[in-house]
There are 4 protein chains.
Amino acid sequence: MDGMQLGMIGLGRMGANIVRRVVGDGHTAVGFERRSEPLEELSRELGERFHPTTELADFVAALQTPRVVWVMIPAGATGTAIDEVAELLEPGDIIIDGGNSRYHEDIKRAEQLRPKGIHYLDIGTSGGVFGLARGFCLMIGGEAEQVAHLDPLLKSIAPGVEAAERTPGRTGEPSASEQGYLHCGPAGAGHFVKMVHNGIEYGAMAAYAEGLNILHKANLGSTHAGEFSAEETPLEHPEYYRYDIDIPEVTEVWRRGSVVASWLLDLTARELHADPNLDSFSGRVSDSGEGRWTIDAAIDTGVPAPVLSAALFARFSSRGEAEYSDKALSAMRKAFGGHNELSGG
Amino acid sequence: MDGMQLGMIGLGRMGANIVRRVVGDGHTAVGFERRSEPLEELSRELGERFHPTTELADFVAALQTPRVVWVMIPAGATGTAIDEVAELLEPGDIIIDGGNSRYHEDIKRAEQLRPKGIHYLDIGTSGGVFGLARGFCLMIGGEAEQVAHLDPLLKSIAPGVEAAERTPGRTGEPSASEQGYLHCGPAGAGHFVKMVHNGIEYGAMAAYAEGLNILHKANLGSTHAGEFSAEETPLEHPEYYRYDIDIPEVTEVWRRGSVVASWLLDLTARELHADPNLDSFSGRVSDSGEGRWTIDAAIDTGVPAPVLSAALFARFSSRGEAEYSDKALSAMRKAFGGHNELSGG
Amino acid sequence: MDGMQLGMIGLGRMGANIVRRVVGDGHTAVGFERRSEPLEELSRELGERFHPTTELADFVAALQTPRVVWVMIPAGATGTAIDEVAELLEPGDIIIDGGNSRYHEDIKRAEQLRPKGIHYLDIGTSGGVFGLARGFCLMIGGEAEQVAHLDPLLKSIAPGVEAAERTPGRTGEPSASEQGYLHCGPAGAGHFVKMVHNGIEYGAMAAYAEGLNILHKANLGSTHAGEFSAEETPLEHPEYYRYDIDIPEVTEVWRRGSVVASWLLDLTARELHADPNLDSFSGRVSDSGEGRWTIDAAIDTGVPAPVLSAALFARFSSRGEAEYSDKALSAMRKAFGGHNELSGG
Amino acid sequence: MDGMQLGMIGLGRMGANIVRRVVGDGHTAVGFERRSEPLEELSRELGERFHPTTELADFVAALQTPRVVWVMIPAGATGTAIDEVAELLEPGDIIIDGGNSRYHEDIKRAEQLRPKGIHYLDIGTSGGVFGLARGFCLMIGGEAEQVAHLDPLLKSIAPGVEAAERTPGRTGEPSASEQGYLHCGPAGAGHFVKMVHNGIEYGAMAAYAEGLNILHKANLGSTHAGEFSAEETPLEHPEYYRYDIDIPEVTEVWRRGSVVASWLLDLTARELHADPNLDSFSGRVSDSGEGRWTIDAAIDTGVPAPVLSAALFARFSSRGEAEYSDKALSAMRKAFGGHNELSGG
C-alpha cells in the first residue's frame, strides 16, 4: 500500500498529533491552520510528507479526490468551519468531525451534506495529551462504505492491538475494535459513544476522588479529637480514625494487581507523586458538555444514572453552584431549630 | 384527675416549653437547672405550680413517687446526667431521655437501669422553637406500662388532634397518634423513629433547596449570555432561561393548594419574606447526627437511601469537605487533558 | 361584582372542578367537551350558569369578548386543541394552557399567537383530585395585563388566604401569592415554576419513601438473624434492629407538631390507614415529564440537584430500568472474584 | 537469600495461590486445611517445598520461629481461627489476617495479642481469581519491624514493578509500593485502605454499568416509538435514539487509548465477548461489606461520597430492597393525582 492522504483542519495538540501518527505510519497529510507556528513545526518535523496551508482554497486544492477532511477544532467553531470547507468540496469527498460536538449536530450535518454528495463522519476521539504515544481511541459514526475506505488511516491513528493484552476468546486477525477504532453506527453514533465514554469517565474519576478523600480524612481522630463545636457531630470512635495515610503511595500500590488499576489511576499516581498534597489545584472542576449530555440521554431513555449524575453535580458544587441551596437549608434550620450557622472556614 | 407532676432536668428552650405546656394544662412541675434565670423566669410565669431547684437532691426530694424525671439537655451531657440522677432514684421511678441521643444508647441505658427497678423511656421530641404554641410531636420507646402511666402528661405536651384535619377513615375517640404522641416500641424505638424523622427532614429540606436553586438560576440566559469561558459549557438555549423569578413569592404561593405544601415550606416562605436574598446566611450547613445515623441504619438493613444520603452529603460539601476530592479531579483533568482549572471565584 | 365568564376546553376531573369553583363563586362558564356525560353532569349541578357545548364553533360563539379559553386536556393533545380554537378566535381573546406542557412549548405558542393578537397564558395548576375542595395553586406565565384582567377568575379558582396561616410579617390586604395564585413572569414562567414544583415533589416523596422503608426494615435483627448467605453482609448488631414499627401510626403521629408535617404526609397517612402494608401497590412508579425536565433545567443552568435526580432515577429503577446495569455489575463480579449471583427472589 | 517460610491457614483459591507464588519464588510453605483435596493438589504441584497439615498442632510445629501464620479464610471464621492458633504460638510469632475483616477487628485483635508478644498484621489482598498470574496487591497494617521482616515474602506475592510502566518521576530502586505492596500504617491500616479500594471499586463498576445501560437503550427511538402509555413520558426526539450499539465491541475499543481503559473494563469486555447480552446473569448484585463500611467511614469523617453511596444503593435496589419505598411512592401518587400504577412488565 502506498499510503493515503489526510487533510487536517486545525493543528492544535490533537490535530497535530493525529497528523504525526498518520505521517509516521507512511501516509501523507495536508494541514490547514491560520497560525504559522504549528505549520512550521510540523513541516520541520515531517518534511515533504506534510503540506502546510493557510488558505482554505489551497488546502482543498492540495487534496486528492475523494478528499479526506478531518476537522479538529473547538466544538464552538466546528459548525462554521464545516460549512466553509463544504462549499469548496465535491461529491464523494469526506468530512470528519473529530471534535467534541454533541451528536445531535452530527445528525443534522450529515443530512445537510447528503444532497451535495458529501459524506460525513463523526469520530469521537479519546486520548488527550497522550494520544501521540499511546494512539487515539476512535469511535466512529457514519456510512460503512466511508469507514471502510478510511481504514488505513484509522489504523494508523489508533493504538493497535498490542496496546493491551487480547481479550480471552478473541483470536485470529484482530478486529478493528481490538486495534482501537470502531464503526459504532450511522451519523452521530461515534459522538454518542464518545459522550457515554466521557460520562463514565466522570463517574470513575469521582469514585477515585471520593475514596482518596476518605483516606485524606482517615486521621480525623487524631487531628480533631475534642475540637467539635456544638453544631458538629463528634466522632463516636476517634480510635478508628488515627491513620496518617500516604496517599501518593496508595495510588501507586493500587496500580499493580488491584481491582481498581486503570489509566486514570496511573495519571492520579503521577500527579500525586509530583504534588503530594495537590497544592497546585484549587478544586474548581469544569465540565465540558459530554457529562451533561450523558445524563440528558439517560433521562430521555429512562436509564437510572445515579452515579454518573452525582459525579456531574459534584463538579457543579465544586464551583460554588450549591450556594443558594445551602443558604436555603441554613434558613430552614434557623427557622425551626434556632440553629445558627457555623462560622465560615 | 387532679393532674400529674413532671420533673424536668434542663430548662433550656425545649425543657422550659414542655414545662409550660404541662403546667398550662393543669399539671405541676419541678425543675432542675444550674442557671438561675430560667428558674426565675418560669417561677414568675407559672407561680406555685412550678417548683424550681438548683440541687439534684432537692429536685429528687420534691418529686412524688413514682418520680417522673425528664432529662432535656444536650446529647453530649445526657449520659452523665442520667447516671447522677439515677443514683438518687428508687425502684418504680421513671427516667425519660427527651433529647437527641442515638438509640443505641437507649438500649444500653434501659438495661443498666433495669436491675435497679428504674424504668427508662426514650422520647424523640420534634417541634423545635415552635413547640410551645404548636405542641411537641412525641415518639416514645420503652415499656407499655410506663407509657400508659404517663398518658396525661404526654397528652398535654403533644399538639392534640385539632392540630390537623383527621385522616379520612379515622373516627371515634382519637388515638394517641392522632393526638401527636406514639409508643413506637421497646427501648430505643422512640429515638429510632425520631432519627428516621430527621433523615426524612434532611431529604425534604434538600428537595426544596435544590428546586429553589433552579429558580434562582432561571435567568441565566439573560445574565450570562455569551460570557462562558473555554472551560464552561455554554447554554444551548439561552432563550429558555430568561425568567427573573421572585422566589419569596413562589414559596408563598405554594403554601396553599399545591402538592408541596408543608411546614418546612411555611418556614422557608417566612425566612424568604424576611430576607429575600438570604443574605444573612453563609451556606455552611451543619448536621447534628440523626441524618448520619439514618444512613447508617439504611446501610445496615440494606435499604436504598440515595435521596437521604445525597442530602446529607450536600451538607458536608457545603462545609468545604469535598475540597480534596475536587482537587483530585482537577489533577486528573490536567493529567489527561491538559485542562487548566477555572480561576477561583 | 357581576362575575366574569370562563370558557373551558376539556371537562375531565381538573377542568370540571375549575368550572365548579368558578361558577360556585359567582361567575359563569361555557364548557366544551366531546363526551356528553361530563356536560350533563355539570349542567345538572350548575344549572343555567353553565353553558355546555359539543362543537368548537358553538363554544366560541357562546363566549363574550374578550374570550377567556382555558384548555385543560392531556399534554399530548394540547397543541392541536390550541391550534384549532385559535383559528376561531379574535384579537384580544385569551388562551390559557392549564395542563402540564413543557414550558418550551409555551414560549413557542405565545410567539405564534402574538401576530394574531391572541394572548397566551400558561398556568401551572397544582391540586390534583383535591382541588375542588382545597382550591388550586396557580403558577402563571404571560403578560401582566391579561393576568390582571383575569384576577377575579383566578381568585375564585385559588384556595384563598384562609387556607393557611399567614406568614409572619405579611400584613394588610393579602397578596395574590397569599391567595394561592402568582404571576411568575413572561410566557413559560408558569409552567417553569410548576415544573420545579413537581421536581421538588419527587424529591420530597422519595425522602418519605426511603425513611418509611428504613422503618419497614427495622426488625431485620429479629426476622433475618442468622439467615445470611455467603453473598450477603450479616448484621453486625442484630440487637439494634428489633423494632416492629407500626408505620401507619408513625405517619399519623408525624402529622402534628413534627418538622416533616406536610400535605404529602397527610396523604401517606391516609393511604397507610386504608392499606397498612401497601398490598394494593406493585411499586412500579411512573413519572410524567416534569421531574425529568427539572433535572434538564438543573443541568443546563449548572445547579447541583443530587436529591431531585436520585428521586427520579429511583422511579426509573422501580420499573426495572436498571436491569442491564445490574447484569453488567454481576458480570464484573463474576469475572474478578468468581462470585456467583444470589439466586432470585 | 535462602528463602523464607510461610504458614498458611486456609487453602481456598486465594490462600493456595499465595502459597504457589511464594513457593514458586524460592520460599517454602506449610499449609493447614481440613479438606484433603487442596492439600494433595498443592503437594503434587509444589513437591517437598510445601508441607501439608490437617492438625493445627502439626501446622504450628512445622513452622520455624518466628512463625509466620497467614490466615486466609472467610471473614466470618477468621476470629475463631486466630484465637485457636494464637493459643499455640510463642512470643515473636506473627499472625496475618489476609481476609476481608473490618479494620475495627484488627485494632482489637492487635491489642489482644500484644500482651502475648504475638505480632499482628492485617493485609488487604486484592487480585481475586487472577492473583496467581497477576500477583496480589497488598495493603498492610501493623508494626514496621514485622513488615520489614516479611519483605521477601511480600515481594514474592506482589506483582512486581514490571506489572505496569513506572510512574514518571519515580526512578532508581523501585519502592515497595511500585512492587505492589505497601505498609499503610498501624493495625487496621491495611484493611482500611483495602476497604476504600473496594468502595472505589463499587463506584467505578457502577460508572461503567450505567454508561453501558445508556448504550443498551440507545435504540429506544426505533424500538418504542409510539408505544408509550398515558403514564409514560414519550420520547421528545425519537430521532436521537436510533442506534443499535454493539456493546461488546464498544467495551473492546475502549480498552486501548481511551481515558476509561482499566482492568475492570478488560474484564467487562471479556464477559461481554463470552455472553454478549449478559443472558447468564439475573442482575441481583451482592455486596460484601467493604462498600458499606466505606460509606460508614465517609459519614464518620464528614466526607461527601455521593458517587460511592449511589453505587452501593444501586446494588441494594438490584436485590428488590426498594420495593417498600416504591409502593409508598405509588400510594402517594394515587392519593394526590388519582394515578394508577403501570401494570407490571
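Right above here is the structure, for reference.
Scope of this entry: the structure provided in the associated data block. (Residues numbered from 1 in each chain as written. Chains lettered and ligands numbered in written order. Predicted model: local features only at pLDDT ≥ 70, side-chain atom pairs only at ≥ 80, totals over all residues. Heavy atoms only, no water.)

Looking at the pattern of salt bridges
Close approach of charged atoms allows side chains of opposite charge to pair.
Working step 1: Under the counting rule described, the total for this entry stands at 92 salt bridges over all chains.
Working step 2: Across the pair Glu249 of chain B and Arg170 of chain C runs a salt bridge, and its minimum N-O distance is 2.8 Å. Of the two residues, Glu249 of chain B is situated in helix H12 (residues 247-254) and Arg170 of chain C in the loop between helix H8 (151-157) and helix H9 (176-179); the pairing between them involves two chains. Of the two residues examined, Glu249 of chain B and Arg170 of chain C, each falls in the buried class. (Salt bridge = Lys/Arg side-chain N within 4 Å of Asp/Glu carboxyl O. Helix = DSSP H or I, 4+ residues; strand = E, 2+ residues; numbered from the N terminus. Buried < 20%, exposed > 50% of the residue type's maximum accessible area, 1.4 Å probe, protein only.)

A word on helix H15 (residues 306-318) of chain B
Working step 1: Counted at 1.5 Å a residue, the expected span for H15 of chain B with its 13 residues is 18 Å, and the 18 Å between its end C-alpha atoms agrees.
Working step 2: Remark: Gly320 of chain B follows H15 of chain B within two positions and exhibits a positive phi of approximately 85°. (Expected span 1.5 Å × (residues − 1).)

Considering the sheet that holds strand E7 (residues 137-141) of chain C
Residues and elements named next belong to chain C.
Working step 1: Here we have eight strands laid out as an open sheet, ordered E3-E2-E1-E4-E5-E6-E7-E8, and mixed in their pairing. The sheet is open, and its two borders are formed by strand E3 (50-53) and strand E8 (181-185), each paired with just one other strand. Mean inter-strand twist for the sheet, computed between neighbouring axes without regard to direction, equals 25°.
Working step 2: Bridge analysis of strand E5 (residues 94-97) against strand E6 (residues 119-126) gives four bridges, and the strand direction is parallel. Residue pairing in the sheet places Ile94 in a bridge with His119 of E6.
Working step 3: Along the sheet, helix H1 (residues 13-24) makes contact with strand E1 (5-9), strand E2 (28-32), E3, strand E4 (68-71) and E6, crossing E1 at roughly 170°. (Pairing = 2+ DSSP bridges. Axes fitted to C-alpha atoms, helices over the stretch in contact; angles between N-to-C directions. Contact = heavy atoms within 4.5 Å.)

A look at the interface of chain A and chain B
Working step 1: Every contact between the two is made by 67 residues of chain A and, on the other side, 67 residues of chain B.
Working step 2: Summed over both partners, the interface of chain A with chain B buries about 5,900 Å², with 58% contributed by carbon and sulfur atoms.
Working step 3: Along the contact surface separating chain A from chain B lie six salt bridges.
Working step 4: As a salt-bridge pair, Glu236 of chain A and Arg102 of chain B come within 2.8 Å of each other at their nearest N and O atoms.
Working step 5: Where chain A touches chain B, the interface holds 16 residue pairs in polar contact (both at pLDDT 80 or more).
Working step 6: Of the residues forming the side of chain A that touches chain B, the biggest block, 14 residues, is contributed by helix H16 (residues 323-337) of chain A.
Working step 7: For the side of chain A that touches chain B, the per-class residue count stands at 26 nonpolar, 20 polar and 21 charged. (Buried area = accessible area lost by both parts, 1.4 Å probe. Polar contact = N/O pair within 3.5 Å; in protein donor to acceptor, adjacent residues only side chain to side chain. Nonpolar A, V, L, I, M, F, W, Y, C, P; charged D, E, K, R; others polar.)

A closer look at the side chain of Glu252 of chain A
Working step 1: Relative to the helices and strands, Glu252 of chain A resides in helix H12 (residues 247-254).
Working step 2: A relative accessible area of 0% places Glu252 of chain A in the buried class.
Working step 3: At 2.8 Å, the side chain of Glu252 of chain A forms a polar contact with the side chain of Thr167 of chain D.
Working step 4: Among residues more than four places away in sequence, those in contact with Glu252 of chain A are Ala269 of chain A together with Thr167, Arg170, Ser177 and Glu178 of chain D.

Section: the nonpolar core
Working step 1: Counting 256 residues, the largest nonpolar core has Trp254 of chain A, Trp254 of chain B, Trp254 of chain C together with Trp254 of chain D as its most contacted members.
Working step 2: Ignoring anything within four residues of it in the chain, the contact list for Trp254 of chain D reads Cys137, Met139, Val193, Val196, His197 and Ile200 of chain A together with Leu212, Leu215, Val260, Ala261 and Leu265 of chain D. (Core = buried A, V, L, I, M, F, W, Y, C linked by side-chain atoms within 4.5 Å.)

Considerations on the pairing of strand E1 (residues 5-9) of chain A
Residue and element names in this part refer to chain A.
Working step 1: Counting buried positions over the five residues of E1 gives five, a clear majority of the element.
Working step 2: The alternating pattern of E1 places Gln5, Gly7 and Ile9 on one face and Leu6 and Met8 on the opposite face, and all of these are buried.
Working step 3: Pairing analysis gives five bridges linking E1 to strand E2 (residues 28-32), with the strands arranged parallel. Counterpart to Met8 in the pairing with E2 is Gly31.
Working step 4: Crossover E1 to E2 through helix H1 (residues 13-24) is right-handed.
Working step 5: In terms of strand pairing, E1 meets strand E4 (residues 68-71) through three bridges, oriented parallel. Pairing of Ile9 across the sheet is with Val71, part of E4. (Right-handed = clockwise from strand over helix to strand, strands pointing away.)

Some points on the relation of the copies chain A and chain B
Both copies of the chain are related by a screw-like operation: a rotation about an axis and a shift along it.
Working step 1: When chain A is fitted onto chain B, the two copies agree to an RMSD of 0.0 Å after a turn of 180° and an axial shift of 0.0 Å. Here the copies are linked by what is in effect a two-fold axis. (Least-squares fit on C-alpha atoms with pLDDT ≥ 70 in both.)

Brief notes about the interface of chain A and chain D
Working step 1: Taken residue by residue, the interface counts 92 residues in chain A and 92 residues in chain D.
Working step 2: Buried surface at the junction of chain A and chain D, summed over both partners, amounts to about 7,800 Å²; 67% is from carbon and sulfur atoms.
Working step 3: The tally of links between chain A and chain D comes to four salt bridges.
Working step 4: The closest approach of N and O atoms between Arg170 of chain D and Glu252 of chain A, which form a salt bridge, is 3.1 Å.
Working step 5: Between chain A and chain D we count 42 residue pairs in polar contact (both at pLDDT 80 or more) in total.
Working step 6: Of all the elements, helix H10 (residues 189-216) of chain A adds the most residues to the side of chain A that touches chain D, at 17 residues.

It is worth stressing that arrangement in space is one thing and function is another; only the former is reported here.
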